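Spelled out, the chains give:
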Amino acid sequence: MIRNHRREVTVAYLLILPFVLTYGVLFLWPTIQMVYISFTDAPLIGPGEWIGLENYIEMFDDRRFWTAVRNTAYFVALTVVPNTLIGLAIAMMVSRLKGWQQSIILALFFLPYILPVSVVYRIWNWMFNVQFGILQYPISAIAGERINVFRTQWMFMPAVALVTIWWTCGFNILLFLAGLRSISPDIYEAAALDNANRWTIFRRITWPLIWPVTALVLTIQLILQLKIFDQVYLFVQGGRPDPSMVMVQYIYSQAFQKNQGGYAAAIAVALFVIVIAFSVLQFQVLRSRGEK
Amino acid sequence: MSDIVLKEVSKSFGAVSVLDKVSMHIASGEFIVFLGPSGCGKSTLLRMIAGLEQVTSGEIYLAGERVDQLPPNERGVAMVFQNYALYPHMTVRDNMSFGLQNVRTPKDEITRRVEDAARMLEISQLLDRKPAQLSGGQRQRVAIGRAIVRNPKAFLLDEPLSNLDAGLRVRTRLELAQLHNRIKATMIFVTHDQTEAMTLATRIVVMNNKKIEQIGTPMEVYSRPATRFVAAFVGSPAMNFIPVESVTDREGRAAFSFAGQQPVATTVPFAGLPSTGLTFGIRAEAAHIDPNGSIEATVDVVERLGERTLVYTRLADGASLVAEDKGISSVQAGDTVRIALDGHAAMAFDEAGKAYHAA
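Everything numeric here is computed off the predicted structure, so don't read it as measured data.

Conventions we followed
- Residues numbered from 1 in each chain as written.
- Chains lettered and ligands numbered in written order.
- Predicted model: local features only at pLDDT ≥ 70, side-chain atom pairs only at ≥ 80, totals over all residues.
- Pairing = 2+ DSSP bridges.
- Helix = DSSP H or I, 4+ residues; strand = E, 2+ residues; numbered from the N terminus.
- Axes fitted to C-alpha atoms, helices over the stretch in contact; angles between N-to-C directions.
- Domains from an automatic or database assignment.
- Contact = placed C-beta atoms within 7 Å.
- Nonpolar A, V, L, I, M, F, W, Y, C, P; charged D, E, K, R; others polar.
- Buried ≥ 20, exposed ≤ 12 C-beta atoms within 10 Å, placed from the backbone.
- Expected span 1.5 Å × (residues − 1).
- Bend = angle between axes of the 7 residues up to and from the residue.

On to the sheet that holds strand β12 (residues 246–250) of chain B, then. Residue and element names in this part refer to chain B. Read across the open sheet, the three strands follow the order β12-β13-β14; overall the sheet is antiparallel. With one partner strand each, in any of the chains shown, β12 and β14 (264–269) form the two edges of the open sheet. The sheet shows a mean angle of 35 degrees between the axes of neighbouring strands, direction not considered. As paired strands, β12 and strand β13 (residues 253–257) are joined by five bridges and run antiparallel to one another. When the sheet's bridge partners are listed, Thr248 is paired in β13 with Ala255.

So, in structure tokens, the structure goes:
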């Protein structure tokens, strides 16, 4: 078939134009603006003076910035790997069920994922409530007394991580389940004839074959959890935010509470660089491991 | 040594029965082929011997030991799957070693056995590749190699040639026969392809509709089919069936009459034949175009195959009959021809499908 090459290219450009425009207006331009503002002393609204690297220099000496970085890293450590492993474990259990039983159990595990964060916050705040929270029964059974979990410094992050895992696990289960279903049942039958016990089957068959999905889930999780804001912001309400401040929360507080647009932009650029660096790095490392 | 005995083995999935009281005895070193149309239960039977499917009732013995309640790995059988079921993330060497590693075979022994098998199957140069880098035929060999290294009591092969292209299928078929001659292991091979069954089997188990129709050597199954189903399923072109109008006794032997035709004398004993509901059966190679033949028919289609010619004809009552003619045949479509039927090769079937053969 003879094709009119130039016309095809024109049509192609026309077809991607709406996306390119939206992407440019809603992502590219604001990102460039953010980087520009980070070199100024702009307030939240309106322009500021060019001050070069001053915001970045200030950031490196800012104790609260480093607290936010540490807290974010801690939260990522508490959620990303556990969430992935729990998702895989539950998916493997759900995959053993058949038919409608599987659908119902899967729906139950997926249900939290569709809740808005405010509802999640209400549910868990009630459950942890010092006076009437149902979780105070096991807590007082173990600790001997009721504990206000979200007002106890060392418990705050682990508790928010727990809630986050409960909230977001359903999606990972779904991804893992799709991955598990793509493994041919014949392979498990061959392994059964090959004298493989269940642990060997997991270690040498399921784990390596599910690895691409695991790499994907880990990367999605990492990006998502580095941007943690809502849960921490909500659960800290009424308490002292500073010790448990995470990066996005610090950006928010600098921009919207302290009216420091330029400085907040500098922190946002830092977070942006961290997210890109980590996710690209992680995905590359995970992918190459899987290919070996 | 490694004979296999099935005693009244039945299988049902819920209310649906797929195998009904199947019994057989497979001698050590036999090459048995389960032959039948799809859905006849042949694969299920194989999977039950492997332990991948539970028996609903009945007993399975392997080398004298009852195995029907044992898990697959304790039965000492190896299976080659239809789509090979190779571990996609492992190299060929690891695929073949996996089973031995799981029973803690010493490393040097694994290496020796894998390399021996690879040499036998001519896949030594492929040991470090992954299944995705192999052709269909090579994957097939790896799957067989994986079975061989375990030195099993029996090889179970589930339609292993069906995913290969025609040329490769014939070659692999020959190689499988050679392999069986060399290692002399008991093999059970499931297929719906009668050519594979005829060429490979020491005995064929013809199955249909949950039951065994016949167990016999390829030649028995071909020339003395136990039932009409076997007669129709084995052989190409399929056996001719002509409804019988009446049957008469000629010195103890049956002569069959068909609507509007001269009777055909056969060597089938008259005694024991039912008088009604009979169908006459004869293969194309026993029906020849012959000016003195007893059957008159009109030619529909002529297939010239070189060494012989197949003539598809229609009788006056509408029954179809495929006859053979010599290689250089002058018969044309539309001709009226006469066909001679060889009474020594004829058989009859009653309404239930049971066969009556020439003595």
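Once you've had a look at it, read on.
All names here are of chain B. Domain boundaries assigned for chain B yield domain 1 (4–233) and domain 2 (240–357). Using C-alpha coordinates to define each centre, domain 1 is positioned 39 Å away from domain 2. Contacts between the two partners involve seven residues from domain 1, matched on the other side by seven residues from domain 2. Among the residues forming the side of domain 1 that touches domain 2, the class breakdown is four nonpolar, one polar and two charged.

We now examine the interface of chain B and chain A. Chain B puts 15 residues into the contact, and the matching count from chain A is 14 residues. Of all elements in the fold, only β6 (77–80) and α2 (92–102) of chain B reach the threshold of two or more residues within the side of chain B that touches chain A. With three residues, α2 of chain B is the single largest residue contributor to the side of chain B that touches chain A. Along the lines of polarity and charge, the residues of the side of chain B that touches chain A split into 10 nonpolar, five polar and no charged.

Another point: the environment of Lys258 of chain A. All names here are of chain A. Structurally, the position occupied by Lys258 is in the loop between α11 (247–257) and α12 (261–291). On the basis of neighbour count, Lys258 is assigned to the partly exposed category, with 13 C-beta atoms found within 10 Å. Taking the C-alpha atoms as reference points, Lys258 and Pro43, 215 residues apart in sequence, are found 8.7 Å from one another.

Across its 29 residues, helix α7 (residues 153–181) of chain A extends 42 Å between first and last C-alpha, which sits within 8% of the 42 Å expected from 1.5 Å per residue. Along its length, α7 of chain A shows its largest kink, about 45 degrees, at Thr168 of chain A.

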